[in-house]
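Letter by letter, the chains look like this.
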Amino acid sequence: MVQPDGQQPVAPSALKGEGAQCFVEFEDGTAGQHPTSTPRALETDEIPGIVEDYRQAAERAKRAGFDMVEVHAANAYLLNQFLATGTNKRTDQYGGSLENRARFPLEVVDAVIDVYGADRVGIRMTPFIELFGLTDDEPEAMALYMADQLSKRGLAYLHLNEPNWAGGDITFPAGFREKMRERFSGSLIYCGNYDAEHAEKRISENTTDAVAFGRPYIANPDLPERFRVNASLTEPNHETFYGGNEKGYTDYPFMDNGYDRMS
Ligand SMILES: Cc1cc2nc3c(=O)[nH]c(=O)nc-3n(C[C@H](O)[C@H](O)[C@H](O)COP(=O)(O)O)c2cc1C
């Protein structure tokens, strides 16, 4: 029971995420992962309220002083579930065609734009990813449709996670990065299993404007400086990734005045 009053989680359709885990605090105060339960499908008339939740969240982020916000439509979370054919089996205006599956994520984007302005809003997406049972029959068509729609709105950036960042061997198909570059007018960011060299390569071939780092940043609080001086990197400890305290979170060492440099 991880929701208030043991409520079911919500989703586009009542399909259980295969192997999906959520992060919880257990009764004894320790934190860890817990299997998710089967969600219930959102009623059509509940969706405007959720769009409103995103608007409220953006308003709060603005009040708290965040410069920008990123709408999370990736990694099998709620908005990604609406975009993908495998998780969205709805028959109302939020399911079926590309336009319908994109409707709710775009309503969220519009609500957040109302608060921040399009030049301070980005979005994160993971076309082609297969995670927690999420699959999609038309990931490229959806990514390109979203790119068109987001370009029309003048969104600041589109952040794409490589499909194999969490394992597996699915990669973006040949030509996909070039098509995204052509169709999206804002900045592109990629992430997932990059090192400095690979990031430089993508930037110099002009398929991306920037590369984001996750795990290397966890283990290397001074990651940009390490890249700059070509220092070796501390390997992250996977055991402490989803833990609940400072261990493996804020206790990785900074470089020691260059003693750590590679030759
Ligand atoms: C401990 C941990 C927690 C993460 N949590 C999220 C999350 O809540 N939402 C998300 O989209 N990605 C999450 N990610 C994925 C990262 O944002 C990033 O996309 C991924 O690690 C790939 O980049 P990397 O290869 O540089 O680590 C998480 C990754 C790790 C290691």
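Residues numbered from 1 in each chain as written. Predicted model: local features only at pLDDT ≥ 70, side-chain atom pairs only at ≥ 80, totals over all residues. Heavy atoms only, no water.

- As recorded by an unreviewed UniProt entry, the protein chain carries the name NADH:flavin oxidoreductase/NADH oxidase N-terminal domain-containing protein and is attributed to Vreelandella sulfidaeris.

### Quick notes on the packing of aromatic side chains
- Under the counting rule described, the total for this entry stands at 9 aromatic pairs.
- Ring geometry for Phe-172 against Phe-176: centres 4.8 Å apart, planes inclined by 25°, an arrangement best described as stacked. Comparing Phe-172 with Phe-176, the two get one shared label, buried.
- Between Phe-172 and Tyr-190, the aromatic rings sit 5.9 Å apart at their centres with planes inclined by 80°, giving edge-to-face as the arrangement. (Phe/Tyr/Trp six-rings, centres within 6.5 Å; stacked < 30°, edge-to-face > 60°. Buried < 20%, exposed > 50% of the residue type's maximum accessible area, 1.4 Å probe, protein only.)

### Quick notes on the environment of Glu-205
- Relative to the helices and strands, Glu-205 is located in the loop between α6 (196-204) and β9 (210-212).
- Judged by relative accessible area, which is 34%, Glu-205 ranks as partly exposed.
- Placed 27 residues apart in sequence, Glu-205 and Glu-178 show a C-alpha to C-alpha distance of 9.9 Å.
- A distance of 2.8 Å separates the side chain of Glu-205 from the side chain of Arg-202, its partner in a polar contact. (Helix = DSSP H or I, 4+ residues; strand = E, 2+ residues; numbered from the N terminus. Polar contact = N/O pair within 3.5 Å; in protein donor to acceptor, adjacent residues only side chain to side chain.)

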